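Notes for the structure review
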Amino acid sequence: MAFKIGALAKATGVKIDTLRYYERIGLLSPEGRTEAGYREYAHDAIQRLRFIRKAQGLGFSLSEIGKLLVFGSSPESTAGDILEITEQKIAEQQAKIEDLTQLRASLVQLALDCTGEGPVEECPILNHFYDEGDAVLPSAKSTGMIPPAASTRDIPVNRPLRTSKEDDTMIHDFDACRRAPKSVGYPGYLVAVWGNLA
């Protein structure tokens, strides 16, 4: 059974523009074209697109996914080729986790430094971003980890961490810092990762 591009997009939930992009970079190829010039894709294109989506969900780039597809279709390839790419991805993700842990340590220390009292111009969080020098707090740099006392569980309950629906950034709902500029926020997906690291 052959699919036109619109039917393939509907069957897989992948946008038509994305399918065309996959075709341009070699991840997807039409089986042929109709007499009217419309692309036609074989039924196995659905399985290929599911493969791409699941691999993306585990952090593989489109370039890496292309290599996996090539290895998977080559009789000369071995499971060792797939394992090598996977281990490289694990190392890459581990490095990102360490970076996020360092960022979280700095943010938690900033939160502990803020009493939530006084005028906003005295807020240590905002003042830290205006200060010159290294953006990472010295305490976080020296330890390389979150200090035992600097856990989100140690922050008083009247100062909860939350994700702003307005700008999708992590802010502390302090009395003195109730409105955090968007420029000092972090994407919402980092908040989820930090939560898993706690």
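Residues numbered from 1 in each chain as written. Predicted model: local features only at pLDDT ≥ 70, side-chain atom pairs only at ≥ 80, totals over all residues. Heavy atoms only, no water.

**Observations concerning the overall build of the protein**
- Check the secondary structure of the protein and you find 8 helices and 5 strands.
- Ordered by position in the sequence, the α and β elements of the protein form the string β-α-α-β-β-α-α-α-α-α-β-β-α.
- Relative to its 198 residues, the protein shows a buried fraction of 31%.
- Excluding contacts between residues fewer than 6 apart, the proportion of contacts in the protein whose partners are at least 24 apart in sequence is 52%.
- Per element, the accessible surface of the protein, about 13,000 Å² overall, is 53% carbon and sulfur. (Helix = DSSP H or I, 4+ residues; strand = E, 2+ residues; numbered from the N terminus. Buried < 20%, exposed > 50% of the residue type's maximum accessible area, 1.4 Å probe, protein only. Contact = heavy atoms within 4.5 Å. Areas by Shrake-Rupley, 256 points an atom, 1.4 Å probe, with all protein chains shown as cover.)

**What about the nonpolar core?**
- If you look at the biggest cluster of nonpolar residues, it comprises 20 residues, and the most contacted ones within it are Leu8, Leu19, Tyr22, Leu28, Leu49 and Ile52.
- Elements that contribute at least two residues to this core include exactly helix H1 (5-12), helix H2 (16-24), helix H3 (44-57) and helix H4 (62-73).
- The dominant element in this core, judged by the number of residues it contributes, is H3, at 5 residues.
- With residues near it in sequence (within four places) discarded, leucine 19 still touches Ile5, Leu8, Ala9, Val14, Leu28 and Leu49. (Core = buried A, V, L, I, M, F, W, Y, C linked by side-chain atoms within 4.5 Å.)

**Section: the pattern of salt bridges**
- All told, the structure shown has 5 salt bridges when counted by the stated rule.
- A salt bridge links lysine 89 to glutamate 64, with the shortest nitrogen-to-oxygen separation between them at 2.9 Å. One end of the pair, lysine 89, is in helix H5 (residues 79-113); the other, glutamate 64, is in helix H4, and 25 residues separate them in sequence.
- Relative accessible area serves as the criterion here: at 4%, lysine 89 is assigned to the buried category.
- On the accessibility criterion, glutamate 64 (18% relative accessible area) is buried.
- Two residues, lysine 96 and glutamate 92, come together in a salt bridge whose shortest N-O distance is 3.6 Å. With lysine 96 and glutamate 92 both in helix H5 and 4 residues apart, the pair spans about one turn of that helix. (Salt bridge = Lys/Arg side-chain N within 4 Å of Asp/Glu carboxyl O.)

**Concerning the environment of glycine 6**
- Tracing the chain through its elements places glycine 6 in helix H1.
- Judged by relative accessible area, glycine 6 falls into the partly exposed class, the value being 36%.
- Separated by 34 residues in the primary sequence, glycine 6 and glutamate 40 place their C-alpha atoms 9.8 Å from one another.

**So, the sheet that holds strand E1 (residues 3-4)**
- On the basis of which strands lie adjacent, the open sheet formed by 3 strands has the order E1-E3-E2 and antiparallel pairing. Looking at the sheet topology across the chains shown, the edges are occupied by E1 and strand E2 (32-33).
- The pairing of E2 with strand E3 (residues 39-41) spans 2 bridges and is antiparallel. Bridged to glycine 32 within E3 is glutamate 40. (Pairing = 2+ DSSP bridges.)

**Topic: H1**
- Among all positions in H1, only Ile5, Leu8, Ala9 and Thr12 are buried. With its buried residues spanning 100 degrees around the axis, H1 presents them on a single face.
- On its buried face, H1 sits against E1, H2, E3 and H3.
- Looking one or two residues beyond H1, the residue adopting positive phi is glycine 13, at roughly 80 degrees. (Arc of directions from axis to C-beta.)

**Considerations on H4**
- Here H4 spans 17 Å end to end across 12 residues, near enough to the 16 Å set by a 1.5 Å rise per residue.
- For H4, the set of buried residues is Glu64, Ile65, Gly66, Leu68 and Leu69.
- The elements touched by buried residues of H4 are H3 and H5. (Expected span 1.5 Å × (residues − 1).)

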